[in-house]
Amino acid sequence: MPKRMVLQQYFGYDDFRPGQEPLIDGILAGRDVLGIMPTGGGKSMCYQIPALLLPGLTLVVSPLISLMKDQVAALNGAGIPAALLNSSLDEASYRETCWQLRQGMHKLLYVAPERLENEGFLRLMQEQEISMIAVDEAHCVSQWGQDFRPSYLKIPDFVAQLPHRPVVSAFTATATAEVQADIVQRLELIDPVKIVTGFDRPNLYFEVRRPTQKLPLLTRLVEDRAGRSGIIYCATRANVEKVCDHLRQRGIPATRYHAGLSEAERRQNQDDFQFDRAPVMVATNAFGMGIDKSNVSYVFHFNMPKSLEAYYQEAGRAGRDGEAAECILLFAQGDVATAEFFIHQSGDNNEALTPEELEEIQARDYQRLEAMVGYCKTSRCLRGHILDYFGQRHEARCGNCGNCRRAFVQVDITRQAQMILSCIKRAQAKLGYYVGAVLIIRTLLGSKDKRVLELGLDALSTYGIMKGTDKKTMRDYLDAMEQAGVVTTEPRHKTLRFTPASGAVLFHGKTVSMTQAAETAAPRKRSASAPGAPLSDGAERVLTALKQTRRDLAEREGVPLYVIFSNATLADMARRRPTDLEGFLEVSGVGEVKARKYGKAFLRTLAQVQED
Ligand code: ADP
Ligand code: ZN
């Protein structure tokens, strides 16, 4: 079967995403591959499709046990025989899965890297025909990467003990040049096909805020987005507790996740989030690797992470359905100290390293931190800052980040300040007293206002010299001049007065400038992957009904929502409103197995809402 048919039949998509095709082709031609794509770019498909086309078994090495279950559920849901082996299985299920593997019943097997060091597991695998080992989150093999996992280093040993060397494919979303080189070397990839797709996620809006108090701002941001799903990352468990408690007290359906909770509670809370029973997740960075919740519409950072890699990966969990999503980081200078503390402390947990290695790692961690702090403080395009870091070319301004939207420029207003000051001076000279801003502005604009004429201000040489300027701009000039200290407002009578610096502007070449918003930013870009235009009102209503149907099905089957269909798929369904199974198969993200399984339920819903 050609790869495109697999894409359509099993996954229900018509076209490959950038990078997927060459990686799949490479694997099918027997080459090792290294795929570097942003989070949500569609890495899994790159090994899942070849896994179905190659003979025998594909072994997927994935770092987090808790998430394998969902990935396997999603594959099974699409009619693909896949299983997992990990320490969470009881004895009986473990045996059952081993038996199934011996019968050749599975195409994919998910394991944590530690499993590869297990003797029994090695023997089991030696009996299998293994066509490929797919290494997910491959940056974990690199000590320069941010999530180093020593057991990833054992992968080549494991491969060497197999009767035939399978294809080794590696995937990651974090890829500075040095991490890439490290992956190739440490996983011993042989002349790999390397594909680096663009890192830009145009549907994500980036912003950095520097509030004096974070909690009230965060609360407001979350309340303003009621009904939407989001993740709030905190640097410490204590912060997770504090923020989560605070949000719950305000009646926000939030849940929490950090390494200090029991396995059972983490599982429960993650499920609550996935099922949208608690659409707001407050978590440390322990949460999220491999999470495939497509409808996360914002990721807020209560604290600054320790690197841009970490930030982009975490923020990247927003908007995976291609819809517009927001990534807002709340920065405070204290975050830098916390991050430095973590770097410093990391030495204590790394006994396997020599002091020289440790020093080098810490030096790099400090470099990473510096780039992260740079992001928080820059007034340039935030997206540009990120893409620079990953070595990708980009336009100077993206138009969809906080800095592009509120970009400011300094404009010189010395000439305007001179006209205003000389008008103030002449009015004072004529009248013998100072007047207020309103009269000065009217005089400069050449107004026929009664007071201006009564006082004879129309006889001044400055009368009308700023004609054509709008009043708001005149006010801005005066504000800027006041900030620069070249004019002052007398508090009691609100009259405009000279300061010691006024003369310098009028007679000695002192310049005055004003910060001004740059030309208005471009409207938000939509991702090319968002299928079609925004929904009409009618379609929104249909979508709500479809979501309810999805929720019912998910609850009945005990699987996360996305295992049924992603938000993007439901949106496409609402747009197309298919009336039969054939039309249903046309919807993006609907494969044959899912059409058979869920088609009836969704078609019924569509028929019902059509009638209302
Ligand atoms: P990654 O592992 O790179 O973070 P995933 O493999 O989880 O990303 O894919 C993210 C989402 O994109 C999933 O919902 C997946 O079904 C979807 N996807 C993957 N490939 C395609 C494609 N060719 N067309 C449309 N959607 C796709
Ligand atoms: Zn920008």
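Computed from a predicted structure; not experimentally measured. Here the residue numbering is sequential within each chain, running from 1 through the sequence in written order. Written order determines the labels here, with chains lettered from A and ligands numbered from 1. Predicted model: local features are reported for residues with pLDDT of at least 70 only, side-chain atom pairs are reported and counted for 80 or more only, and whole-chain, interface and lining totals are derived from all residues. For the side-chain quantities, the full set of heavy atoms in the structure was used; hydrogens and water were omitted.

1. Digging into the sheet that holds strand β4 (residues 108-111)
Line of reasoning, step 1. Spatial ordering of the open sheet is given by β3-β4-β2-β5-β6-β1-β7, a layout of seven strands whose pairing is parallel. Since the sheet does not close on itself, it has two edges, and those belong to β3 (82-85) and β7 (193-196), each with one partner. Strand after strand, the sheet turns through a mean of 15° between neighbouring axes, direction not considered.
Line of reasoning, step 2. Two strands pair under a simple rule: DSSP has to find at least two bridges between them. Put simply, DSSP H or I for four residues or longer makes a helix, DSSP E for two residues or longer makes a strand, and each gets a number counted from the N terminus. Bridge count for strand β2 (residues 57-61) against strand β5 (residues 130-135) is five bridges, and the pairing is parallel. Residue pairing in the sheet places Thr-58 in a bridge with Met-132 of β5. A fitted line through C-alpha atoms serves as each axis, taken over the contacting stretch for helices, and the angle formed by two N-to-C directions is quoted from 0 to 180°.

2. With respect to the side chain of Thr-495
Line of reasoning, step 1. Relative to the helices and strands, Thr-495 resides in the loop between β15 (487-489) and β16 (496-498).
Line of reasoning, step 2. We classify Thr-495 as buried; its relative accessible area is 8%.
Line of reasoning, step 3. Here a residue-residue contact requires only that any non-hydrogen atoms of the pair lie within 4.5 Å. If we ignore the near neighbours within four places in the chain, the residues touching Thr-495 are Tyr-434, Val-435, Gly-436, Thr-488, Thr-489 and Glu-490. Here the term buried applies to any residue with accessible area under 20% of the maximum for its type, exposed to any over 50%, and partly exposed to those in between, with areas from a 1.4 Å probe on protein chains only.

3. Here's the deal with the nonpolar core
Line of reasoning, step 1. For the purposes of this section, nonpolar cores are sets of buried Ala, Val, Leu, Ile, Met, Phe, Trp, Tyr and Cys residues that join through side-chain atoms within 4.5 Å. Ranked by internal contacts, the top residues of the largest apolar core, which has 78 residues, are Leu-109, Met-125, Phe-206, Met-304 and Tyr-375.
Line of reasoning, step 2. Here this core gets eight residues from one element, more than from any other, and that element is helix α14 (residues 355-377).
Line of reasoning, step 3. Excluding its chain neighbours within four sequence positions, the residues that come into contact with Tyr-375 are Phe-206, Glu-207, Val-208, Leu-308, Tyr-311, Leu-329, Leu-382, His-385 and Ile-386.
Line of reasoning, step 4. With 34 residues, the next largest nonpolar core counts Ile-413, Cys-423, Val-452 and Leu-506 among its residues.

4. Points about the pattern of salt bridges
Line of reasoning, step 1. Only one rule defines a salt bridge in this text: a Lys or Arg side-chain nitrogen within 4 Å of an Asp or Glu carboxyl oxygen. Enumeration over the complete set of coordinates arrives at 33 salt bridges.
Line of reasoning, step 2. In this structure, the salt-bridge partner of Arg-165 is Asp-32, at a minimum N-O distance of 2.8 Å. Separated by 133 residues along the polypeptide, Arg-165 in the loop between α7 (155-160) and β6 (167-172) and Asp-32 in the loop between α2 (20-28) and β1 (33-36) bring together distant segments of the chain.
Line of reasoning, step 3. Classification of Arg-165 as partly exposed rests on a relative accessible area of 39%.
Line of reasoning, step 4. Residue class for Asp-32 comes out buried when judged on its relative accessible area of 3%.

5. A look at the sheet that holds strand β9 (residues 229-233)
Line of reasoning, step 1. Reading across the sheet, the six strands line up as β8-β13-β12-β9-β11-β10 and stay open at both edges, with parallel pairing between neighbours. The outermost strands of the open sheet, each flanked by one partner alone, are β8 (204-209) and β10 (254-257). Taken over all neighbouring pairs, the strand axes of this sheet differ in orientation by 15° on average, direction set aside.
Line of reasoning, step 2. Note: strand β12 (residues 296-301) against strand β13 (residues 325-330), four bridges, orientation parallel. Opposite Val-299, over in β13, you have Cys-327 as the bridge partner.

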